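So the chains spell out like this:
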Amino acid sequence: MPVPEDRRYSREHEWALPEPDGLILVGITDFAQHELGDVVYVDLPRPGDRVTQNAQMGEVESVKAVSELFSPVSGEVAAVNEDVKNAPELLNESPHEKGWLIRVKPDDPAELDSLLDAAAYTALTE
Amino acid sequence: MTSTPDTPLREEAHNRRRLLMERSHPGRTGVTLPASDVPPQLIPEQAMLRDDLHLPEVTEGEVVRYFTHLSQLNFSIDTNFYPLGSCTMKYNPKLNEAVAATPGFALAHPAQPETQVQGCLEAVFRLQTYLQEVSGLPGASLAPLAGAQGELAGILTLRAALDARGEGRRRKMLIPDTAHGTNPASAAMAGFQVISVPSTSEGDIDLDAVRAEADEQLAGVMFTQPTTLGLFDRNAIEMCRIVHEAGGLVYGDGANMNALLGRAKLGHFGFDVVHMNLHKTFSTPHGGGGPGAGPICVTEALAPFLPGPIAVQREDGSYGSEMPTKSIGRCGGAQGNFGVLIRALTYISLLGGDGMLNISGNAVLNANYLLAKLRPLFELPYDRSVMHEVVFAARKRPGATALNVSKRLLDHGFHAPTMYFPLVVPEALMIEPTETESRETLDAFIETLERIDAEAAADEDFLRGAPYETPISRLDEARAARRPELRWRPSED
């Protein structure tokens, strides 16, 4: 399963991708979408909301179950992927790109260092 | 047109699936209205809600056949084995129905004076007494109208007790990661902050995690014994001690009481509040089959806060109905779901104390029989003997996922087990045979699962297409959830 090397990973199967403008893009991994099965509903925070590293930030519902989403970083939500709310299948089809969830203005970009790199995350899922 | 032998059958099946709207023919009618004896009145234009009203035009006979056929598609415990984990789909004795239909019970009105319904009140009082005995707790209220309402009522009772002793600041409610989803929902509805507690690798509650939260903010814990993994939690007594020492209270989810009847009382573990599902443990109808009942039993300290009314026996031997002194209030209009209470009372009276022992004994025996016979087919995430149900992980063969195995079971006339729950077990299949199934039924179920396993071994894709022989084939569940079409609409042409 693809694990892009350009980003960091949480043990809860979210990824965090630093962008050139200093914001951090957040989503769930390909492994996570595969385990969840067909996603049918996504509940996300709103722009302006606070998220905290390792704390719940939303929910994702698949045909199997409802699972919690955890934020890999702390900060303020700068943007939310409205496309995913309207077409949750994007999480299955393109978890690392079109299926991104939120864009966060981080309190402390160094928090990323506490996350796993691609190799460590791959080891976690094997 | 060439005809193959099965064409008429396929047409017949297609015709049977047609909706009532699709059977409509202009001018057909199922009723004969008498001639109008009042002058016609015109409805004012602005009072009209719509231009069209699509009602099916069908005869009485067509309507009867349509709904009779639909009813024949029902799956129920009266027709087939129903091993739906955590739901205790046991056989419901027909005597329950006969007693509940007795005119003295069925025709009683909740507003009748107590002197006219002494028998009804005595029945409620006796059931309270039996449930107190079963739970080992001295206070009982039969008011809650369903399991989830019993949970909420129990948690509100717990909260009222905390508030009354000036400890309303306690807001943390611990809930194990194996809990029924209703537990965190009930706690949140009652205003508590839900904190998830992990289980150990052997499936017991993690006592260190409980200790870490045991402080002055701790309101309590919501706990299921046996757990939803079908395991007897060996840390339950110690967990109750830790929570009590910190000043919290313990809520016991009695959904799995079938495993304990007559053998262990939740009150003796240290639970302060327990709810029971009469529609699981005590054989009243459930699963879309009727109203439930979720009585709660509590310690003496919590009894004044119980929801009401409560049946009481007065000094002169007569029966009455009273609200507890500091009651959290009512759950519904009258004496709970009275007809359901009568069915449960009948069941308990029919079986007696020895019968209670046989229920739990056979429920546990049957579950362990399935565990022993089915373990070659699945992974067993917690390798221990189980109580009344067993949770496997369907991960041995590609294609033989929990979903696909369950779908294929439908082809063989078995209800699917509970799937993908508890969440801590990937590809979970949660199987609860109950005590009312025979050895032959269990063996047929085992043989079917062995056959399904062989099918998956021979062809990885075969199960992905199941079911093949049910009236409706595999549904696109993702599309149904993403783009639901909830009503019939006339076709465009």
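Asks: Quick question: what am I supposed to make of the interface of chain B and chain A here?
Replies: Reports often express the size of an interface as the amount of accessible area lost when the parts come together. Taken together, the contact pairs eight residues of chain B with ten residues of chain A. Counting the surface lost from both chain B and chain A, the interface buries some 760 Å², and carbon and sulfur atoms represent 56% of this. The interface formed by chain B and chain A includes three salt bridges. Linking E89 of chain A and R482 of chain B is a salt bridge whose minimum nitrogen-to-oxygen distance equals 3.6 Å. The tally of links from chain B across to chain A stands at four residue pairs in polar contact (both at pLDDT 80 or more). Of the residues that constitute the side of chain B that touches chain A, the class distribution is four nonpolar, no polar and four charged.

Asks: I keep staring at a nonpolar patch on the surface and nothing clicks. Help me out?
Replies: Residues and elements named next belong to chain B. Nonpolar side chains collect at one region of the surface, where F67, L70 and L73 lie side by side and expose about 270 Å² of accessible area between them. On the secondary structure map, F67 appears in helix α2 (residues 60-72). F67 gets classed as partly exposed once you look at its relative accessible area, which sits at 45%.

Asks: It is not clear to me how the side chain of S135 of chain B should be interpreted in this structure. Could you clarify?
Replies: All names here are of chain B. Along the chain, S135 falls in helix α5 (residues 118-135). In terms of polar contacts, S135 uses its side chain to reach the backbone amide nitrogen of L137, at 3.3 Å. Beyond its immediate chain neighbours, meaning those up to four positions away, S135 contacts K265, L266, G267, M276 and C297.

Asks: What's the story with the environment of K172 of chain B in this structure? I'm lost.
Replies: Residues and elements named next belong to chain B. Structurally, K172 is set in strand β2 (residues 172-176). Owing to a relative accessible area of 10%, K172 belongs among the buried residues under this scheme. Counting along the chain gives 22 residues from K172 to V194, while the straight-line C-alpha distance between them is 6.3 Å. Every residue in contact with K172, bar those within four places of it in the chain, is listed here: Q193, I195, E213, D215, Q217, L218, A219 and G220.

Asks: Help me understand unusual backbone geometry in this model?
Replies: Across residues other than glycine, the phi torsion is negative in most instances, and most of the peptide bonds are trans. All names here are of chain B. Backbone torsion omega between Q225 and P226 reads -10 degrees, so that peptide bond is classified as cis. Mapped onto the secondary structure, P226 falls in the loop between β4 (218-224) and α9 (236-245). The peptide bond linking F421 to P422 adopts the cis configuration, its omega dihedral lying at -5 degrees. With respect to the helices and strands, the residue P422 is situated in the loop between β11 (418-419) and β12 (428-431).

Asks: Looking at this model, I keep getting lost on the nonpolar core. Mind explaining?
Replies: Generally speaking, nonpolar side chains in soluble globular proteins are found buried as a group. Residues and elements named next belong to chain B. L127, L131, M239, L278 and F282 are the most contacted members of the largest nonpolar core, which totals 56 residues. For this core, the secondary-structure elements that each account for two or more residues are α5, β3 (193-197), α8 (207-213), β4, α9, α10 (266-269) and α12 (338-374). In terms of residues, this core owes the most to one element, α12, which gives eleven residues. In terms of nonpolar packing, the next biggest core, distinct from the first, is built from 37 residues, L371, Y382, F392 and L449 among them.

Asks: What's the story with the sheet that holds strand β4 (residues 39-43) of chain A in this structure? I'm lost.
Replies: What links the strands of a sheet is backbone hydrogen bonding, and the strands pair in either a parallel or an antiparallel sense. Residues and elements named next belong to chain A. Read across the open sheet, the three strands follow the order β4-β6-β7; overall the sheet is antiparallel. Looking at which strands have only one partner, the edges of the open sheet turn out to be β4 and β7 (66-70). Across the sheet, the mean angle separating the axes of adjacent strands is 25 degrees when strand polarity is ignored. Inspection of the sheet shows β4 paired to strand β6 (residues 56-62) by four bridges, in the antiparallel sense. By the bridge assignment, D43 is partnered in β6 with E59.

Asks: It is not clear to me how the packing of helix α13 (residues 402-411) of chain B against helix α14 (residues 439-458) of chain B should be interpreted in this structure. Could you clarify?
Replies: Working note: a packed helix pair is described by the angle between its axes plus the distance between those axes. All names here are of chain B. Contact geometry for α13 and α14: axes closest at 10 Å, N-to-C directions at 120 degrees. The angle between the axes of α13 and α14 places the two elements in the oblique class. For the pair α13 and α14, the sense of crossing is right-handed. Judged by residue contacts, V405, R408 and L409 of α13 engage F445, T448, L449, I452 and E455 from α14. A per-class count over the contact of α13 with α14 returns five nonpolar, one polar and two charged.

Asks: Any chance you could explain the sheet that holds strand β9 (residues 102-106) of chain A here in plain terms?
Replies: Residue and element names in this part refer to chain A. Taken in spatial order, the six strands of this open sheet run β1-β2-β3-β9-β8-β5, and their pairing is antiparallel. At either margin of the open sheet sits one strand with a lone partner, and together these are β1 (8-9) and β5 (50-51). Sheet topology places strand β2 (residues 14-18) next to strand β3 (residues 24-28); five bridges connect them, and they run antiparallel. Following the sheet pairing, E14 is matched in β3 by I28.

Rules and cut-offs
Residues numbered from 1 in each chain as written. Chains lettered and ligands numbered in written order. Predicted model: local features only at pLDDT ≥ 70, side-chain atom pairs only at ≥ 80, totals over all residues. Heavy atoms only, no water. Contact = heavy atoms within 4.5 Å. Buried area = accessible area lost by both parts, 1.4 Å probe. Salt bridge = Lys/Arg side-chain N within 4 Å of Asp/Glu carboxyl O. Polar contact = N/O pair within 3.5 Å; in protein donor to acceptor, adjacent residues only side chain to side chain. Nonpolar A, V, L, I, M, F, W, Y, C, P; charged D, E, K, R; others polar. Patch = residues over 30% accessible without salt bridge, like charges linked within 9 Å, V, L, I, M, F, W, Y side chains within 5 Å. Areas by Shrake-Rupley, 256 points an atom, 1.4 Å probe, with all protein chains shown as cover. Helix = DSSP H or I, 4+ residues; strand = E, 2+ residues; numbered from the N terminus. Buried < 20%, exposed > 50% of the residue type's maximum accessible area, 1.4 Å probe, protein only. Core = buried A, V, L, I, M, F, W, Y, C linked by side-chain atoms within 4.5 Å. Pairing = 2+ DSSP bridges. Axes fitted to C-alpha atoms, helices over the stretch in contact; angles between N-to-C directions. Parallel < 35°, antiparallel > 145°, perpendicular 65-115°, else oblique. Left-handed = near helix turned anticlockwise from the far one by under 90°.

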